[in-house]
Amino acid sequence: MKASFPKRPSVGFVAVCLTYCLVVAFFLWGFSTPNLDRVWTLHHLLKIGDLDRLTPDDREILSDAIVRHESLAGALLDGAEIGIISAHLDGWIATPCVTLLRTTQSKPFRSISMDVQTPRDLIPFSIVVKGNGWKEKLDVKKHGRFEIDMPAVSDTPEIIEVILKGSDFESDPSMLGIKMTFEEKR
């Protein structure tokens with residue numbers, strides 16, 4: 001008795017299957033959101049306060065985009081070298097987690113200055129500032145002006161996160177009562 005092997009698929013059948021796979025891949029690619037579109041959406045959501053904090057994936061998308069497109073960081077900051085891209089009004093923060101952006105041209109700006117006027121019943125609390133490879137913590141025990149030094153500017157734009165910890169802060173500028181500015185160090 002002779003062993004029988006199953007027939008191999010024909011070239012035409014393989015071509016049809018490959019075409020269907022390529023069509024499905026094309027439509028999946030077409031329905032995905034381009035990274036720059038996602039960056040615009042993130043910037044808008046942060047700016048109006050609908051997004052309090054970037055997810056790790058969103059942070060990576062934003063970070064990659066500002067590195068790939070040199071002028072993007074400045075465009076998100078309306079031409080400034082360093083600034084708040086989260087919801088704020090003239091520096092008065094509106095969310096307990098604040099996203100800052102620092103361009104490579106922000107060399108003179110070496111510290112974040114915070115004027116704390118938070119209601120007394122929410123004090124004490126901590127402020128944690130995280131950047132690329134660095135982290136600082138400030139314990140706030142009273143009203144006043146506080147500074148957090150930042151390391152020197154790197155060769156790439158940087159996303160900095162400022163997080164208020166300790167009290168149950170809500171996204172309300174009158175409850176937070178913190179104004180952020182950026183100070184030059186000579």
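Each remark here, short or long, concerns the structure printed above.
Presented here is an overview of the structure given in this document. (Residues numbered from 1 in each chain as written. Predicted model: local features only at pLDDT ≥ 70, side-chain atom pairs only at ≥ 80, totals over all residues. Heavy atoms only, no water.)

Quick look at the layout of surface pockets
- Computed from the structure, the largest pocket encloses a volume of approximately 180 Å³.
- Lining the largest pocket are 13 residues, and of these E70, T103, T104, Q105 and P157 sit closest to its centre.
- Taken together, the elements giving at least two residues each to the lining of the largest pocket come down to α3 (56-68) and α4 (72-76).
- Here the residues of the lining of the largest pocket are counted per class, giving 5 nonpolar, 5 polar and 3 charged. (1 Å grid on protein atoms, 1.4 Å probe; cavity = no way out; pocket = protein on both sides within 12 Å on 5 of 7 lines; lining within 4 Å. Points joined across faces, edges and corners; volume = space filled by probe spheres on them. Helix = DSSP H or I, 4+ residues; strand = E, 2+ residues; numbered from the N terminus. Nonpolar A, V, L, I, M, F, W, Y, C, P; charged D, E, K, R; others polar.)

Describing helix α2 (residues 35-48)
- If you check α2, its first and last C-alpha atoms are 20 Å apart, about what 14 residues at 1.5 Å a residue would give, namely 20 Å.
- Listed as buried for α2 are V39, L42, H43 and L46. On an axial view of α2, the arc spanned by its buried residues comes to 100 degrees, and they lie on one face.
- On its buried face, α2 is in contact with α3, α4 and β4 (97-102).
- Within two residues after α2, G49 carries a phi angle of roughly 90 degrees, on the positive side. (Expected span 1.5 Å × (residues − 1). Buried < 20%, exposed > 50% of the residue type's maximum accessible area, 1.4 Å probe, protein only. Arc of directions from axis to C-beta. Contact = heavy atoms within 4.5 Å.)

Describing the sheet that holds strand β9 (residues 158-165)
- Spatially, 5 strands are ordered β1-β4-β9-β6-β7 in an open sheet, and the strand pairing comes out antiparallel. Each edge of the sheet is formed by a strand with only one pairing partner; in this case those strands are β1 (82-84) and β7 (134-140). Sheet twist, expressed as the mean angle between neighbouring strand axes with direction ignored, is 20 degrees.
- Of the strand pairs in this sheet, strand β6 (residues 125-131) and β7 are connected by 7 bridges, and their pairing is antiparallel. Residue pairing for β7: I127 is matched across the bridge by L138. (Pairing = 2+ DSSP bridges. Axes fitted to C-alpha atoms, helices over the stretch in contact; angles between N-to-C directions.)

What to know about the packing of aromatic side chains
- If you walk through the whole model with that rule in mind, you get 3 aromatic pairs.
- Judged by centre distance (6.1 Å) and plane angle (40 degrees), the ring pair of F26 and W29 falls under tilted. Of this pair, F26 and W29 both sit in helix α1 (residues 11-31), 3 residues apart, roughly one helical turn. One exposure class covers both F26 and W29, and it is exposed.
- For the pair F27 and F31, a centre-to-centre distance of 6.4 Å together with 25 degrees between the ring planes defines the contact as stacked. (Phe/Tyr/Trp six-rings, centres within 6.5 Å; stacked < 30°, edge-to-face > 60°.)

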